[in-house]
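# Coordinate analysis (summary)
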Number of protein chains: 2
Amino acid sequence: MSDYKIFAMGDVVLQSGATIRDAKLAYKTFGTLNAAKDNVIVYPTWYSGQHYDNEWLVGTGMALDPDKYFIIIPNMFGNGLSSSPSNTPEPYNQSRFPGVTSFDNVNFQHRLVTEVFGIEKIALVTGWSMGAQQTFQWGASYPDMVERILPFCGSAKTSVHNFVFLESVKAALTADAAWNNGWYEKPPTKGLRAMARVYAGWGFSQAFYREKLYLQHGYSSLEDFLVAFWEGFFLARDANNLLAMLWTWQQGDISNNPMYGGDFEKALGAIKAKAIIMPGQTDLYFPPEDNEYEASKMPNAEFRPIPSIWGHFAGGPGMNKVDVKFIDDALKELLAR
Amino acid sequence: MSDYKIFAMGDVVLQSGATIRDAKLAYKTFGTLNAAKDNVIVYPTWYSGQHYDNEWLVGTGMALDPDKYFIIIPNMFGNGLSSSPSNTPEPYNQSRFPGVTSFDNVNFQHRLVTEVFGIEKIALVTGWSMGAQQTFQWGASYPDMVERILPFCGSAKTSVHNFVFLESVKAALTADAAWNNGWYEKPPTKGLRAMARVYAGWGFSQAFYREKLYLQHGYSSLEDFLVAFWEGFFLARDANNLLAMLWTWQQGDISNNPMYGGDFEKALGAIKAKAIIMPGQTDLYFPPEDNEYEASKMPNAEFRPIPSIWGHFAGGPGMNKVDVKFIDDALKELLAR
């Protein structure tokens, strides 16, 4: 009894040139599509997250209210539910799974929205982190279809520093001989734990650790936070899936496609949607400066950082109620425009 | 023909309770000790650095001028020249090398200064990064002896976030099976390279990478910077030495000793030296906020960040001439007080 549906896409050709045969896009919807089909919100997933990891921002009385909106959460390719290294049959299984870009992901999501539901306008696209990257991509890929975007804690183009951070995550995971270039039978747990510890310093800010906020959220010590939160988080994931999504992230660039030919400013300028661009004020790998630049090149964008010491986790997944309210309030404001 | 000397210390007992037998403190001096013995500068080394890595801040016309001062660069234990995992005979070799704290290191340096040279006053202690940690420790351990300190890009106490960063470095290095719990015969190169990539994101700021400053300093691409600068840097080091110094760093706390019994504010308050505390404005693991707090608890300290986008490397090792001048000017100013 799964709580989600599968859109069977047939064979899909990727930007990289590979074809995923019998591709699957897993998604979950909330609420009801109205007759005018004008109450649609698309809410893509983040790095390693699955649709249920997005649900903290959905609820009656919230901006993403299923009583008013038809909310679609599409699972990113590589996340273990949509086509991924872990669920694709030979010969494109495990480390042979091809690179999927955000441009690809959004094209697939566009097929879902139009072919399955016959939707022509989207009231809002929003998402955290890599979900924000897909949100920007939606705005650039379908500027006449997307009316509003609110990407939070993510960028339209992966910065050089962010790329280096991802190199470090990858290096830690793949230093484990058990990874075996992706052809493992048992999970490379040492590498997953190492990756988790690398991620730990980046995910939350220096101030979060200085104030020991982990002690207020169910963790009994720093080491308990590193083991129970961070190592537990990544041990539950498949290594090849993590590497596939990491590749997607590293390639992040809304202009790296035939529409814009690598002209990043042109792609930003083409986003017609009303936008609030919302970084975490203390995010260490999606720092506000990158978003500030992006917002300045978009015709209808407001730049509004989340005033939080939760670093990247100011944006999710719903751990800090103050930040959730800040994001939810902005979503309500944008939807009312 | 080595360019340094060895102070044979005999058997030294550490805070941890272990004894290093026939301990060695490697050091190099510049200039001449004057008759009054009042022209002494002590300049400890940083994580993995050796005395020659400090020499960029020493020279005629600079603050650390060998024509005026007698400059002593003591090598930190664990750095491969002073007693270290790599040069200590069985049974305390390799991963059995005991933990050495900054308190221990400074006590050894104090023995060098007093027993070998008969020095009673030190005009200045200065150092970068872990050298700054030893600088703070000098101020707290010998408050009546040290007249001035200028720690740059380092803290008096390793912060929780900094500790996590070091966990990540350690996890990446030790994920390599070739490390073999420290009992390797060939270097664990995969782990050293992984560690290097983890360090890469932390060593320089987001803005440094955004502006691609590595292209102006001898590197032809981002990947060339990661391989030639970062991987090359750590491949030249011994893994157990790196882990020994990492332990020293993680324990950093000038008050964790019988003098202060863990009372950090008391230790800061006891530092009589005239001080300029100089973080890098964009340092990601020694952020200015920690130094600002420390300076506020010291009776004679000024807080003066280095206005640089070079992150931790604003402080060394001499790569950016603008930052070098900023530090050198402050050293001159402090020495004139």
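With an unreviewed UniProt entry as reference, chain A is termed Alpha/beta hydrolase fold protein, source organism Halothiobacillus neapolitanus.

### Digging into the overall build of chain A
Within chain A, the secondary structure is distributed over ten helices and eight strands. Taken against the 2.2 N^0.38 rule, which gives 20 Å for 337 residues, the C-alpha radius of gyration of chain A at 19 Å falls within 12% of a compact globule. Taking the principal axes of the C-alpha coordinates as reference, chain A spans close to 55 × 50 × 45 Å. Within the span of chain A, comprising 337 residues, buried residues form 64% of the whole. Long-range contacts, defined here as pairs at least 24 residues apart, represent 74% of the contacts in chain A between residues at least 6 apart. Taken as a whole, chain A presents about 12100 Å² of accessible surface, with 51% of it coming from carbon and sulfur.

### Remarks on the sheet that holds strand β5 (residues 124-128) of chain B
Backbone hydrogen bonds hold the strands of a sheet together, and the pairing may be parallel or antiparallel. Residue and element names in this part refer to chain B. Strands sit in the order β1-β2-β4-β3-β5-β6-β7-β8 across an open sheet of eight strands; the sheet is mixed. Each of the sheet's edge strands pairs with one partner strand only, and the pair in question is β1 (5-13) and β8 (301-303). The average undirected angle you get between the axes of adjacent strands in this sheet is 20°. One ladder, built from two bridges, connects strand β6 (residues 148-152) with strand β7 (residues 274-277); its direction is parallel. The partner of Ile-149 across the bridge, within β7, is Ala-275. Running over the sheet, helix α9 (residues 288-296) touches β7 and β8 and is turned about 155° from β8.

### Looking at the pairing of strand β2 (residues 19-30) of chain A
Residues and elements named next belong to chain A. Where strand β1 (residues 5-13) lies against β2, seven bridges are found, and the strand directions are antiparallel. The residue bridging Phe-7 from the neighbouring strand is Leu-25, located in β2. Between the antiparallel neighbours β1 and β2 lie five residues, among them Gly-17 with a positive phi of about 105°. For β2 and strand β4 (residues 70-74), the ladder comprises four bridges, and the chain directions are antiparallel. Opposite Thr-29, over in β4, you have Ile-72 as the bridge partner.

### What about the UniProt feature "domain: AB hydrolase-1" (unreviewed entry) in chain A?
UniProt records the feature "domain: AB hydrolase-1" (unreviewed entry) at residues 63-306 of chain A, using the numbering of this structure. As annotated, residues 63-306 of chain A has a helix share of 42% and a strand share of 9%, and its two end C-alpha atoms lie 17 Å apart.

### Quick notes on the relation of the copies chain A and chain B
After a rotation of 180° and a shift along the axis of 0.0 Å, chain A superposes on chain B with an RMSD of 0.0 Å. Those values place the two copies in the arrangement expected of a two-fold rotation axis. In terms of proximity to the rotation axis, the leading residue of chain A is Ala-172 of chain A, whose C-alpha is 2.3 Å off the axis. Comparing interface residues between copies, 100% of those in chain A also lie at the interface in chain B; the contact surface is shared.

### Regarding the side chain of Gln-50 of chain A
Residues and elements named next belong to chain A. Here Gln-50 is to be found in the loop between β3 (40-42) and β4. A distance of 2.8 Å separates a polar atom in the side chain of Gln-50 from a polar atom in the side chain of Tyr-52. Side-chain polar atoms of Gln-50 contact the backbone oxygen of Asn-79, separated by 2.7 Å. Setting aside residues up to four positions removed in sequence, Gln-50 forms contacts with Thr-45, Asn-75, Asn-79, Gly-80 and Leu-81.

### So, the packing of aromatic side chains
Within this structure, the stated rule accounts for 87 aromatic pairs over all chains. Residues Tyr-214 of chain A and Phe-225 of chain A carry aromatic rings whose centres are separated by 5.4 Å and whose planes lie at 20° to one another, so their mutual orientation is stacked. Of this pair, Tyr-214 of chain A sits in the loop between α5 (206-210) and α6 (222-235) while Phe-225 of chain A sits in helix α6, and the two are eleven residues apart along the sequence. When its relative accessible area of 1% is taken as the criterion, Phe-225 of chain A is described as buried. An angle of 90° between the planes, with centres 6.0 Å apart, marks the rings of Tyr-27 of chain B and Phe-117 of chain B as edge-to-face. In this pair, Tyr-27 of chain B is assigned in strand β2 (residues 19-30) and Phe-117 of chain B in the loop between α1 (102-116) and β5, connecting sequence segments 90 residues apart. Taking relative accessible area as the criterion, Tyr-27 of chain B reaches 6% and is therefore assigned buried. Over the ring of Phe-233 of chain A we find Arg-237 of chain A, and its NZ or CZ is 3.8 Å from the ring centre.

### Examining helix α2 (residues 130-141) of chain B
Residue and element names in this part refer to chain B. Counted at 1.5 Å a residue, the expected span for α2 with its twelve residues is 16 Å, and the 16 Å between its end C-alpha atoms agrees. A large share of α2 lies buried, amounting to twelve of its twelve residues. Looking only at α2, the buried set comprises Met-130, Gly-131, Ala-132, Gln-133, Gln-134, Thr-135, Phe-136, Gln-137, Trp-138, Gly-139, Ala-140 and Ser-141.

### Re the domain arrangement of chain A
All names here are of chain A. What the domain assignment reports for chain A is domain 1 (5-158 + 254-336) and domain 2 (162-245). Spacing between the C-alpha centres of domain 1 and domain 2 amounts to 23 Å. With 29 residues of domain 1 in contact, the opposing surface of domain 2 contributes 31 residues. The junction of domain 1 with domain 2 conceals about 2600 Å² of combined surface from both sides, 66% of it contributed by carbon and sulfur atoms. Counting across the interface, domain 1 meets domain 2 through zero salt bridges. For the pair domain 1 and domain 2, the number of links is eleven residue pairs in polar contact (both at pLDDT 80 or more). Of the residues in the side of domain 1 that touches domain 2, the class split is 14 nonpolar, 13 polar and two charged.

Calculation rules
- Residues numbered from 1 in each chain as written.
- Chains lettered and ligands numbered in written order.
- Predicted model: local features only at pLDDT ≥ 70, side-chain atom pairs only at ≥ 80, totals over all residues.
- Heavy atoms only, no water.
- Helix = DSSP H or I, 4+ residues; strand = E, 2+ residues; numbered from the N terminus.
- Rg over C-alpha atoms; globule rule 2.2 N^0.38 Å.
- Buried < 20%, exposed > 50% of the residue type's maximum accessible area, 1.4 Å probe, protein only.
- Contact = heavy atoms within 4.5 Å.
- Areas by Shrake-Rupley, 256 points an atom, 1.4 Å probe, with all protein chains shown as cover.
- Pairing = 2+ DSSP bridges.
- Axes fitted to C-alpha atoms, helices over the stretch in contact; angles between N-to-C directions.
- UniProt positions renumbered as here; feature names shortened; annotations may be inferred.
- Least-squares fit on C-alpha atoms with pLDDT ≥ 70 in both.
- Polar contact = N/O pair within 3.5 Å; in protein donor to acceptor, adjacent residues only side chain to side chain.
- Phe/Tyr/Trp six-rings, centres within 6.5 Å; stacked < 30°, edge-to-face > 60°.
- Lys NZ or Arg CZ within 6 Å of the ring centre and 35° of its normal.
- Expected span 1.5 Å × (residues − 1).
- Domains from an automatic or database assignment.
- Buried area = accessible area lost by both parts, 1.4 Å probe.
- Salt bridge = Lys/Arg side-chain N within 4 Å of Asp/Glu carboxyl O.
- Nonpolar A, V, L, I, M, F, W, Y, C, P; charged D, E, K, R; others polar.

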